Amino acid sequence: MAVLPIAILVLLVNFALVHIPVYNVVLFLICVAMLVMGVALFGLGADVSMMIIGEKLGSYIIKTRKVWFITIVTLIIGILATVAEPDLKVLAEQTPFSNNVIIYSVALGVGIFLVVAFFRILFQVKLSYVLMGLYTIALIIAALISGDFVPLAFDSGGVTTGPITVPFIMALGVGFSSVRGDKTAEQDSFGLVALCSIGPILTVLILGLIKGDARGSYNTIAMESFNSMGEVLSAVFSALPVYMEEVLLAVAPILIFFLIFNFIFIRMNKKALLKILIGLLYTYLGLVLFLTGANVGFMSTGYYFGYYIAQSGMGWFLIPLGVLMGFFIVMAEPAVQVLKQQVEDMTEGAIGSRLMGYSLSIGVGIAVGLAMVRVITGISIWYMILPGYIIALVITFFVSPIYTAIAFDSGGVASGPMTAAFLLPLAMGACEGVGGNIMTDAFGIVTMVAMTPVITVQVLGLVARFRKPAIKGLEIIADSDIIDFDE
């Protein structure tokens, strides 16, 4: 249900307009099947491994009440989880910089701001005030640096929170808030992803102050034509070992850290530990299948679609196509499935997963449509992110705090590996087709995908507030503005 709509849309556009070679279509369909299996295995594994690890670590480190211990452990966790993030690697490979420069700048930002997020919960500082201050600082720094760096910096914040980071960090928040147990603890369990998204934006913007500009050479994405089933299978099986190694290197540091931490401090029983290890195996297999499918079958297809449509003189068609692709593609993001379930569980069904799914899809659809407008016209990203974030921050003062926390988390979660592996190449191909500047016009699409759900989810909060007097008998969770729209 998550993967099929975007697959059908791509096939319809291909047969009606683009006409990629038959065996490339076969490769795409194989990769769609890999995505389905990957999302399923990842969802199963994350529930019984990453989420449990995060909750156990979060609750234990807070119970210690030792500031130095909390600071060191959360900093390490943030850096390890980010270095492991596969969609960050996808973005880094498409920039003109050394991969490690971007990855470690972003990882440092996440580590530092995960510490900030924990202390915000500890001292019960209102999230909207923290976000207002941090985004104001980010926009001021962005105004002082090269225009090439701004889209890249905001994109870095979006891709940071993907399938590895999100279940882990959200579970840390749940573990942390469960120790407090007061009436605002539930809503404070959200918001960690939001702060871990702004951290990389600030660190990459500071990198921009140091380096001066983001100009350089980067590799364009080539679409290889396949002439037989043997070539198609060879492409898939040659890529599998690469992603098996990549995901192993990503998951291993988290596993080793947890095992050491558990042996010294938590000391779970063998049965519970075995369950976590089996869950990690599911997570590993799911990510391998998902990333192989996304990168082998979707990246080159997205680039070719964008380039072909732009070159054919139908650039305007990319706008409605972008809206449709954005609407459907967010459903296939693994981390989105985790967020929707977490929101429904933590609010005891008051905010349903279906409602969250629709609000995210609408937000991402609008985002990709606006990003295609930028590609075609070449207008500055400032005309979109400045009013967009002002609107998002102003709404925070009129909705329940839990909607603000969930909304800013949603922005980070929506921009995952499918965005990096399909939508960004789509924008890059279109930019090449119209002869635009990839650094200023194509980069920034992840920023848009991360920004608009923040507005659409908070709009739910506004609707809840105005509908509340007319609806009686609904379960109210944590705050009187939360209602069950499905009911």
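Every residue gets a number counted from 1 within its own chain, in the order that chain's sequence is written. Side-chain atom pairs in this predicted model are given and counted only at pLDDT of 80 or more, local residue features only at pLDDT of at least 70, and totals for whole chains, interfaces and linings cover all residues. For side-chain calculations, the full set of non-hydrogen atoms in the structure is used, while hydrogens and water are omitted.

1. Let's talk about the overall build of the chain
Across its full length, the chain holds 21 helices and zero strands. In terms of overall dimensions, the chain has C-alpha extents of about 60 × 50 × 50 Å along its principal axes. Buried, partly exposed and exposed residues are distinguished by accessible area as a fraction of the type maximum, computed with a 1.4 Å probe on protein chains only: under 20%, between the cut-offs, and over 50%, respectively. For the chain, the residues scored as buried account for 60% of the 487 residues in total. For the chain, contacts bridging at least 24 residues in sequence account for 85% of all contacts bridging at least 6. None of His or the chain ends enter the tally, which takes Lys and Arg as positive and Asp and Glu as negative. Every charge is mapped onto a representative atom, which is NZ of Lys, CZ of Arg, CG of Asp or CD of Glu. Here the chain holds 22 positive side-chain charges and 28 negative ones, and the gap between their average locations is 11 Å. A run of H or I in DSSP becomes a helix once it reaches four residues, and a run of E becomes a strand once it reaches two; helices and strands are each numbered from the N terminus. Working rule for contacts: check all heavy atoms of both residues, and any pair within 4.5 Å makes them a contact.

2. Quick word on the packing of aromatic side chains
The pairing test for Phe, Tyr and Trp rings, Trp by its six-membered ring, is centres within 6.5 Å, and the orientation test on the planes gives stacked under 30 degrees, edge-to-face over 60, and tilted for anything in between. Summed over the entire model, instances satisfying the criterion amount to 18 aromatic pairs. Geometrically, the ring pair formed by Tyr135 and Tyr389 is stacked, given 4.6 Å between the ring centres and 25° between the ring planes. With Tyr135 in helix α7 (residues 127-144) and Tyr389 in helix α17 (residues 382-395), the pair connects residues that are 254 residues apart, well separated along the chain. With relative accessibility at 4%, the residue Tyr389 sits in the buried group. Taken together, the aromatic side chains of Tyr60, Trp68, Phe69, Phe257, Phe261 and Phe265 make up a single cluster linked through ring pairs.

3. Considering a nonpolar patch on the surface
There is a patch of nonpolar side chains on the surface, built from Tyr129, Leu386, Ile390, Val394, Phe397 and Phe398 and spanning about 570 Å² of accessible area. No other element matches α17, which puts three residues into the nonpolar patch. Position of Phe397 among the secondary structure elements: in the loop between α17 and α18 (401-414). On the basis of relative accessible area, Phe397 is assigned to the partly exposed category, the value being 40%. What goes into a patch is any residue over 30% in relative accessible area without a salt bridge, connected to like charges within 9 Å or, for nonpolar side chains (Val, Leu, Ile, Met, Phe, Trp, Tyr), within 5 Å. Note on areas: Shrake-Rupley with a 1.4 Å probe; residue coverage comes only from the protein chains shown. We define a salt bridge as a side-chain nitrogen of Lys or Arg found within 4 Å of a carboxyl oxygen belonging to Asp or Glu.

4. A short note on unusual backbone geometry
If you check the backbone angles, His19 has positive phi at about 60° while not being a glycine. Positionally, His19 belongs in the loop between α1 (4-18) and α2 (22-48). Of note in this structure, Gln124 is not a glycine but carries a positive phi near 55°.

5. Points about the confidence of the model for the chain
For every residue, the predictor states its confidence as a pLDDT score lying anywhere from 0 to 100. In the predicted model, the chain carries a mean pLDDT of 84, and the fraction of residues at 70 or more is 90%. Every residue in residues 469-487 scores below 50 in pLDDT, and together they form 43 contacts with partners more than four places removed in sequence or on other chains.

6. Describing the environment of Tyr284
Locating Tyr284 in the fold gives a position in helix α13 (residues 270-311). Since its relative accessible area comes to 15%, Tyr284 is described here as buried. Apart from the residues within four sequence positions on either side, Tyr284 is in contact with Met244, Val247 and Leu248.

7. What to know about empty space enclosed by the protein
A cavity here means a set of 1 Å grid points, computed over protein atoms only, where a 1.4 Å probe fits but cannot escape. A pocket is an open set with protein on both sides within 12 Å along at least 5 of 7 lines, and lining residues have an atom within 4 Å of a point. Grid points are joined across faces, edges and corners, and a volume is the space filled by probe spheres set on the points. Overall, the coordinates contain five cavities of 30 Å³ or more when judged by the stated rule. Of the volumes computed, that of the largest cavity is approximately 100 Å³. Tyr135, Ser197, Tyr389, Gly412 and Ala450 are the residues nearest the centre of the largest cavity, which is lined by 15 residues in total. No other element matches the four residues that helix α21 (residues 445-467) contributes to the lining of the largest cavity. In the scheme used here, Gly and all other residues not listed as nonpolar or charged are polar, with Ala, Val, Leu, Ile, Met, Phe, Trp, Tyr, Cys and Pro taken as nonpolar and Asp, Glu, Lys and Arg as charged. Of the residues assigned to the lining of the largest cavity, the class counts are nine nonpolar, six polar and no charged. In this structure, the second largest cavity occupies an estimated 40 Å³ of space. What lines the second largest cavity is simply Ile53, Leu57, Ile77, Leu80, Phe168, Ile254, Phe257 and Phe258. When residues of the lining of the second largest cavity are traced back to their parent elements, those giving at least two are α3 (50-63), α4 (67-83) and α12 (229-266).

8. A closer look at the packing of α7 against α18
Direction vectors running N to C along α7 and α18 enclose 40°, while the axes themselves pass 9 Å from each other. Relative to α18, the element α7 is oriented oblique. Counting all contacts with α7, which are made through Leu127, Leu131 and Tyr135, the residues of α18 involved are Thr404, Ala405 and Phe408. Class assignment of the residues belonging to the contact of α7 with α18 gives a composition of five nonpolar, one polar and no charged. Axis lines are fitted through C-alpha atoms, for helices just across the contact stretch, and the angle between N-to-C directions can take any value from 0 to 180 degrees. Angles below 35 degrees are treated as roughly parallel, those above 145 as roughly antiparallel, those between 65 and 115 as roughly perpendicular, and all remaining angles as oblique.

9. Structural notes on the side chain of Ser128
By secondary structure assignment, the location of Ser128 is in helix α7. Leave out the neighbours within four places in its chain, and Ser128 touches Thr396 and Phe397.

10. Some words on the packing of α3 against α12
In helix packing, the relevant descriptors are the interaxial angle and the interaxial distance, both defined with respect to the helix axes. Running from N to C, α3 and α12 point in directions that differ by 45°, and their axes come no closer than 11 Å. When the axes of α3 and α12 are compared, the pair comes out oblique. In this structure, the crossing between α3 and α12 has a hand that is left-handed. Within the contact between the two elements, α3 uses Met50, Ile53, Lys56, Leu57, Tyr60 and Ile61 and α12 uses Ile254, Phe257, Phe258, Phe261, Phe265 and Ile266. When the residues that make up the contact of α3 with α12 are grouped by side-chain class, the tally is eleven nonpolar, no polar and one charged. Here is the rule for handedness: rotate from the far helix to the near one, and if that takes an anticlockwise turn smaller than a right angle the crossing is left-handed, while a clockwise turn gives right-handed.

11. A short note on the nonpolar core
By nonpolar core is meant a set of buried Ala, Val, Leu, Ile, Met, Phe, Trp, Tyr and Cys residues that side-chain atoms within 4.5 Å join together. Residues Leu57, Ile198, Met325, Leu423 and Ile445 are the most contacted members of the largest nonpolar core, which totals 177 residues. Here the element with the most residues in this core is α13; it accounts for 17 residues. Apart from residues lying up to four places away in sequence, Met325 is in contact with Ile6, Leu9, Val10, Phe305, Phe422, Leu423 and Leu426.

12. As for the side chain of Asn262
By secondary structure assignment, the location of Asn262 is in helix α12. The exposure class of Asn262 is buried, given its relative accessible area of 5%. Residues within four places of Asn262 in sequence aside, it is in contact with Arg267, Met268 and Leu273.

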